[in-house]
Amino acid sequence: MGHSSLPSRSWGFFLEKLTQKVSRAALVPSSTHEEMRKIPNNGNLRMTKVAYPLGLFVCLFIYVAYIKWHWASATQAFLGIPEAATGARRGQQAHSLPGAATHGPEVSYGIMFDAGSTGTRVHVFQFSRQPGETPTLTHETFKALKPGLSAYADDVEKSAPGIQELLDVAKQDIPFDFWKATPLVLKATAGLRLLPGEKAQKLLRKVKEVFEASPFLVGDDCVSIMNGTDEGVSAWITVNFLTGSLKTPGRGSVGMLDLGGGSTQITFLPRLEGTLQTSPPSFLTSLQVFNRTYRLYSYSYLGLGLMSARLAVLGGEEGKPAEDGQELVSPCLSAGFKGEWTHAEVTYRIAGQEAAGSLYQLCARRVSEILRNKVHRTEEVKDVEFYAFSYYYDLATNVGLIDAEKGGSLVVEDFEIAAKYVCRTAETRPPPSPFLCLDLTYVSSLLQELGFPGDKVLKLTRKIDNVETSWALGATFHYIDSLSRHKSPTS
Ligand SMILES: O=c1[nH]cnc2c1ncn2[C@@H]1O[C@H](COP(=O)(O)OP(=O)(O)O)[C@@H](O)[C@H]1O
Ligand SMILES: [Ca+2]
């Protein structure tokens, strides 16, 4: 999220309402009192003798009535708004208004848009924080739309309705009184990284326009292209937060593997000095989160996401239609197959290659050409527990290696076995997806190139504790944490 500091989160709307109510109420008795004081000036002495005590009594009565009324309305205003807020929400804890000084947990929200290469998603996070403690995630609302933002590169106006639709999800989810204190951020990944700079900036400007018209808190840097290392590190924070290792320092951390459409990331916390010594500097990064510093191994391979890899295997070039509409012929598609494939708004004619030999072997050879000298291998990955998500998950569910709802574990070799089976079957009858042989072969080769042995167990998850395993939560946490560090440099 942007690092512009939040305006001091005041009682805002609530105070405004309360002040209006109090000042209106204060006018009533004072004007009444004025009128009462005029009475003695107009009557004779006897009348004055009666009028004074009567006047005093009436004054006292009005005063008591006012105090009672004021107390009741002020209390109602104090309790009413948070109650209304709580009423609209799920969860156990009482809501306090943004910045309210309460003794209970303080509730806050964060909205993170993930502008991925294949889709845009909104994550609305609800946090609860005890004074002086790290925030706890209490709820996430998630919605995804296709296609990705980069699909609107040549007509940016068309990107607005989708962004608006996702903003409406946030509006419905977050109580009205929290809107203006809730930071709203969009971070784009490989889709926009792969676009020419000016096209990407035009898209970001459009999104910023839509964001600025929203009732949420937007800083100057509310929309940006995230760098690959931040993407990997943020996903590492997410998975380690959700598995509990960030909160319990003694608990072993887990590594994370993300396979997107345009790029892929690997991040883990090395334990071996050798890993730190032998890794190029661009693969090591320092992360400060929740009062601890981590030296992480993290790298994002741009162009090695699954969709970009398909294009490379087919022999196409990112953002460029094939010359003269030529067919892209690939050894990873079944012989005799002909079709069309659209990637990054370009439609390619594709066809399988007529060749003697096993489809799997021909395809694996082609894939290894694409990956040659592109991937850094570390020995230590075989000793670290890894979580994998995104297309790793989707592919594993496609071929039944894991449960589509619950996820599960598999060994790296399972991808190779599945690839061999699917490719062999595709030699004789059309597979459910023309790309399944290619995709599985690619994933299996990529994991081997990264240094994972065949018997290495991977955990595949879409959600942990009902929260999406994506970089979005980590990026939001990092932002909140850096804010609190800026607020209290001693902590
Ligand atoms: O928050 C998420 N929840 C579930 N799946 C996600 C999420 N974010 C990304 N994915 C998955 O990631 C894959 C596409 O990656 P994405 O579009 O983010 O490309 P990129 O990361 O290379 O920009 C798809 O399988 C999509 O379902
Ligand atoms: Ca992604």
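Residues numbered from 1 in each chain as written. Chains lettered and ligands numbered in written order. Predicted model: local features only at pLDDT ≥ 70, side-chain atom pairs only at ≥ 80, totals over all residues. Heavy atoms only, no water.

Topic: the nonpolar core
Operational definition: We define a nonpolar core as any set of buried Ala, Val, Leu, Ile, Met, Phe, Trp, Tyr and Cys residues linked to one another through side-chain atoms lying within 4.5 Å. Residue exposure (1.4 Å probe, protein chains only): buried if accessible area is under 20% of the type maximum, exposed if over 50%, otherwise partly exposed. Runs of E in the DSSP output that reach at least two residues are strands. Runs of H or I that reach at least four are helices, and both are numbered from the N terminus. By definition in these notes, contact holds between two residues if any of their heavy atoms fall within 4.5 Å.
Counting residues in each nonpolar core, the largest one holds 61 residues, and the members touching the most others are Leu257, Tyr392 and Phe452. Broken down by element, this core gets its largest block of residues, 8 residues, from helix 12 (residues 436-449). If sequence neighbours within four positions are ignored, Tyr392 has contacts with Leu257, Asp258, Leu259, Thr264, Phe415, Val443, Leu446, Leu447, Leu450 and Leu460.

Re the UniProt feature "binding site: ATP" (unreviewed entry) in the protein chain
Selection criterion: UniProt positions are given in the numbering used here, feature names are shortened, and annotations may be inferred rather than shown by experiment. Definition of a polar contact: a pair of N or O atoms within 3.5 Å, with one able to donate and the other able to accept a hydrogen when the atoms are protein atoms, and with sequence-neighbouring residues admitted only if both atoms are side-chain atoms.
Per the UniProt entry, the sites bearing "binding site: ATP" (unreviewed entry) are Gly261, Gly262, Ser263, Thr264 and Gln265 in this numbering. Secondary-structure assignment places Thr264 in strand 7 (residues 263-268). Every residue in contact with Thr264, bar those within four places of it in the chain, is listed here: Asp258, Leu259, Tyr299, Ser300, Tyr301, Leu304, Gly305, Tyr392 and Leu446. Within the local environment of Thr264, its side chain forms a polar contact with the backbone oxygen of Asp258, the two atoms lying 2.7 Å apart. Among the structural elements, Gln265 can be located in strand 7.

Considerations on the UniProt feature "active site" (unreviewed entry) in the protein chain
Following the UniProt record, one finds the feature "active site" (unreviewed entry) at Glu231. As for its placement among the helices and strands, Glu231 is situated in helix 6 (residues 228-242). Given a relative accessible area of 6%, Glu231 falls into the buried group. Discounting chain neighbours no more than four positions away, the residues touching Glu231 are Thr189, Arg193, Met226, Ser263, Gln265, Ser300 and Trp471.

A closer look at the side chain of His376
With respect to the element layout, His376 can be found in the loop between helix 9 (359-371) and strand 13 (386-390). For His376, a relative accessible area of 18% corresponds to the buried category. A distance of 2.7 Å separates polar atoms of two side chains, one belonging to His376 and the other to Tyr297. Those residues in contact with His376 that sit more than four places away from it in its chain are Thr278, Ser279, Pro280, Phe283, Tyr297, Tyr301, Glu449 and Leu450.

Some details on the packing of helix 8 (residues 306-314) against helix 12
Filter applied, for reference: Lines are fitted to the C-alpha atoms to define the axes, a helix being fitted only along its stretch in contact, and any angle between axes, read from their N-to-C directions, falls within 0 to 180 degrees. With respect to orientation, any angle under 35 degrees is reported as roughly parallel, any angle over 145 as roughly antiparallel, any angle of 65 to 115 as roughly perpendicular, and every other angle as oblique. For this classification, the nonpolar set comprises Ala, Val, Leu, Ile, Met, Phe, Trp, Tyr, Cys and Pro, the charged set comprises Asp, Glu, Lys and Arg, and every other residue, Gly included, is treated as polar.
With their axes 10 Å apart at the nearest point, helix 8 and helix 12 run at an angle of 110° to one another. The angle between the axes of helix 8 and helix 12 places the two elements in the roughly perpendicular class. Along its contact with helix 8, which presents Leu306, Ala309, Arg310 and Val313, the element helix 12 presents Leu438, Asp439, Tyr442 and Val443. In terms of residue class, the contact of helix 8 with helix 12 is built from 6 nonpolar, no polar and 2 charged.

A word on the state of the cysteines
The criterion, for reference: When the sulfur atoms of two cysteines come within 2.5 Å, that pair is taken as a disulfide.
Within the structure shown, the criterion is met by 2 disulfides. There is a disulfide in this structure between Cys332 and Cys363, and the S-S distance comes to 2.0 Å. Around the S-S axis, the bridge from Cys332 to Cys363 shows a dihedral of about 100° and counts as right-handed. A residue pair is termed long-range when its members are at least 10 positions apart, and Cys332 in the loop between strand 10 (327-330) and strand 11 (338-343) and Cys363 in helix 9 qualify at 31 residues. Both residues of the pair, Cys332 and Cys363, belong to the buried class. Sulfur-sulfur distance for the disulfide between Cys423 and Cys437 comes to 2.1 Å.

Focus on the domain arrangement of the protein chain
Quick note on the threshold: Where each domain begins and ends follows an automated or database-derived domain assignment. Buried area, as used here, totals the accessible surface that two parts lose on assembly, with accessibility defined by a 1.4 Å probe and the loss added over both.
The assigned domain composition of the protein chain is domain 1 (104-225) and domain 2 (228-465). The C-alpha centroid of domain 2 is placed 26 Å from the C-alpha centroid of domain 1. For the pair domain 1 and domain 2, the summed buried area comes to about 1,000 Å², and 65% of that belongs to carbon and sulfur atoms. The largest share of the area that domain 1 buries against domain 2 comes from Thr134, Arg193 and Leu194, three residues that together contribute 44% of it. Run the count over domain 1 and domain 2 and you get 3 residue pairs in polar contact (both at pLDDT 80 or more). Of all elements in the fold, only strand 3 (136-145) and helix 4 (190-193) reach the threshold of two or more residues within the side of domain 1 that touches domain 2. Grouping the amino acids of the side of domain 1 that touches domain 2 by side-chain chemistry returns 5 nonpolar, 5 polar and 1 charged.

Quick notes on the confidence of the model for the protein chain
Note the threshold: Residue-level confidence of the predictor, termed pLDDT, takes values from 0 up to 100.
With 77% of its residues at a pLDDT of 70 or more, the protein chain has an overall mean of 82. The low-confidence segment residues 1-45 (pLDDT under 50) makes 62 contacts with residues lying over four places distant or belonging to another chain. Contacts for the low-pLDDT stretch residues 66-94, under 50 throughout, to residues beyond four places or in other chains number 41 contacts. Two summary scores accompany this predicted model of the complex, namely pTM at 0.80 and ipTM at 0.98.

Examining the sheet that holds strand 14 (residues 408-411)
Test applied: In short, DSSP must find at least two bridges between two strands for them to pair.
Read across the sheet, 7 strands follow the order 8-9-7-6-13-15-14 without closing on themselves; strand pairing throughout is mixed. The open sheet is flanked by strand 8 (284-289) and strand 14, the only strands paired with a single partner. Taken over all neighbouring pairs, the strand axes of this sheet differ in orientation by 30° on average, direction set aside. Judged from the 3 bridges that link them, strand 13 and strand 15 (residues 457-460) form a sheet pairing that is parallel. Looking across to strand 15, one finds that Phe386 is bridged to Leu458. Each of strand 6 (255-259), strand 7, strand 13, strand 14 and strand 15 touches helix 10 (residues 391-398); the most contacted strand, strand 13, lies at about 80° to it. Across the sheet, helix 11 (residues 412-428) is in contact with strand 14 and strand 15; its angle to strand 14 comes to roughly 75°.

Observations regarding the packing of aromatic side chains
Formally: Between the rings of Phe, Tyr and Trp (Trp by its six-membered ring), a pair exists once the centres lie within 6.5 Å; its type follows the angle of the planes, with under 30 degrees stacked, over 60 edge-to-face, and the other angles tilted. Whether a charge sits over a ring comes down to the Lys NZ or Arg CZ being within 6 Å of the ring centre and within 35 degrees of the ring normal.
One pass over the structure, following the stated rule, counts 18 aromatic pairs. Each ring, one from Phe127 and one from Phe477, has its centre 5.3 Å from the other, and the planes form 55°; the classification is tilted. Remark: Phe477 occurs in helix 13 (residues 471-487) and Phe127 occurs in strand 2 (residues 120-129); sequence separation between them is 350 residues. Across the pair, exposure class does not vary: Phe127 and Phe477 are buried alike. When the centroid spacing of 5.9 Å and the interplanar angle of 65° are considered together, the rings of Phe268 and Phe386 count as edge-to-face. One end of the pair, Phe268, is in strand 7; the other, Phe386, is in strand 13, with 118 residues separating them in the sequence. Each member of the pair, Phe268 as well as Phe386, is classed as buried. Among the aromatic residues, those joined into a ring-pair cluster are Phe268, Phe283, Tyr297, Tyr299, Tyr301, Phe386 and Phe452. Above the plane of the ring of Phe435 lies Arg310, whose end atom (NZ or CZ) is 4.0 Å from the centre.

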